[in-house]
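As a plain string of letters, each chain reads:
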Amino acid sequence: MQKVSPRYKLLIVSIASPLLIGLYEEDVLIKEIKSEEKTSEILLKIIMEIVQKYTIAKIIYTSGPGSYMAIKLTFITLRSLEILQGIEFNACDAFSLNQNNPIKAMGKLYFIKENNTIITKKFDEAVEQRFELPSMLSEVAILNNNKPMYILPAV
């Protein structure tokens, strides 16, 4: 299959279910992919299907906080793509994609962002986890590095 020639970007939100992947052309969202499957089972498959159809210039992923397994898996997948296919990747924090709402940590603990510091806080009631792909990539603040953001709550 021949690739479409314009260069595209991907935004991956793999830290919670559903997995969200946005395809952007000139920083405008043109396609959204959602999957309820486990990141470990579907992420690489979806990315490879996209890479076969489109010339991907850059990938942005949510480096945290959130599911540590999904963060690690996404980072390793993207690092491998960078090495093997030269596709650059960057990171953004998850709060920029959920309107700065609490993000599930473990049990009744949630990550919250206060004064640009991420801490954990206990909530007695479950907090809905809703992440959204922005219509424009300019709405996403890129972090200084693409390393996973591991913020372990005190147990």
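In this numbering scheme, every chain counts its residues from 1 along its sequence in written order. Reporting in this predicted model follows two pLDDT cut-offs: at least 70 for local features of residues, and 80 or more for side-chain atom pairs to be given and counted; totals over whole chains, interfaces and linings ignore these cut-offs and use all residues. For the side-chain quantities, the full set of heavy atoms in the structure was used; hydrogens and water were omitted.

Undergrad: Hey, could you run me through the pairing of strand β4 (residues 54–62) in this one?
TA: Two faces belong to every sheet, and in a regular strand the side chains alternate between them. Exposure classes here rest on a 1.4 Å probe applied to the protein chains alone. A residue is buried below 20% of its type maximum, exposed above 50%, and partly exposed in between. Think of it this way: any DSSP run of H or I at least four residues long counts as a helix, any run of E at least two long counts as a strand, and we number them from the N terminus. Counting buried residues in β4 gives seven out of nine residues, a clear majority hidden from the surface. Strands were regarded as paired on the criterion that DSSP finds at least two bridges between them. Sheet analysis places β4 next to strand β5 (residues 88–92), joined by five bridges and oriented parallel. When the bridges of β5 are listed, T62 appears paired with C92. Handedness of the crossover joining β4 and β5 through helix α2 (residues 68–85) is recorded here as right-handed. If you view a crossover with the strands going away from you and the path from the first strand over the helix to the second runs clockwise, you call it right-handed.

Undergrad: Honestly, the nonpolar core in this entry has me stumped. Any pointers?
TA: For soluble globular proteins, the rule of thumb is that nonpolar side chains tend to be buried together. Definition used in this section: a nonpolar core is a set of buried Ala, Val, Leu, Ile, Met, Phe, Trp, Tyr and Cys residues joined via side-chain atoms within 4.5 Å. I12, I21, I50, I56, I59 and L78 are the most contacted members of the largest nonpolar core, which totals 23 residues. At the level of elements, β1 (4–13), β2 (19–25), α1 (39–53), β4, α2 and β5 are the ones that each hand at least two residues to this core. When checking whether two residues touch, look at their non-hydrogen atoms; a contact exists if any pair is within 4.5 Å. Beyond its immediate stretch of four places on either side in the chain, I50 contacts L10, I21, L23, I33 and I56. Membership of the second largest hydrophobic core comes to 19 residues, among which are C92, F95, L97 and F131.

Undergrad: When you look at a nonpolar patch on the surface in this model, what are you seeing that I'm missing?
TA: Every patch collects residues that have over 30% relative accessible area and no salt bridge, joining them within 9 Å if they carry like charges and within 5 Å if they are nonpolar side chains (Val, Leu, Ile, Met, Phe, Trp, Tyr). Values of accessible area rely on a 1.4 Å probe in the Shrake-Rupley scheme; residue burial ignores everything except the protein chains shown. Any Lys or Arg side-chain nitrogen found within 4 Å of a carboxyl oxygen on Asp or Glu counts as a salt bridge. A surface patch of nonpolar side chains, about 210 Å² in accessible area, is lined by V28, I30 and M136. When you line up the elements, I30 lands in strand β3 (residues 28–35). Among the residues examined, I30 registers a relative accessible area of 43% and is labelled partly exposed.

Undergrad: Would you explain α2 in this entry?
TA: Note on helix geometry: an α-helix contains 3.6 residues per turn, so any two residues three or four positions apart are oriented the same way. One less than the number of residues in a helix, times 1.5 Å, gives the span that helix is expected to have. Here α2 spans 25 Å end to end across 18 residues, near enough to the 26 Å set by a 1.5 Å rise per residue. Buried residues of α2: A70, I71, T74, F75, T77, L78 and L81, and no others. The buried residues of α2 all sit within an arc of 165° when viewed along its axis, so they share a single face. For α2, the exposed residues set more than 90 degrees away from the buried face come down to M69, I76, I83 and L84. At the exit of α2 stands G86, carrying a positive phi of roughly 70°. Directions drawn from the helix axis to the C-beta atoms are what define this arc.

Undergrad: Which parts of the structure should I look at to understand α1?
TA: For α1, with 15 residues, the first-to-last C-alpha span of 21 Å sits near the 21 Å given by 1.5 Å per residue. Listed as buried for α1 are T39, I42, L43, I46, I47, I50 and V51. Seen end-on, α1 carries its buried residues on one side only, within an arc spanning 160°. Looking at α1, the residues exposed on the side facing more than 90 degrees away from the buried face are E41 and K45.

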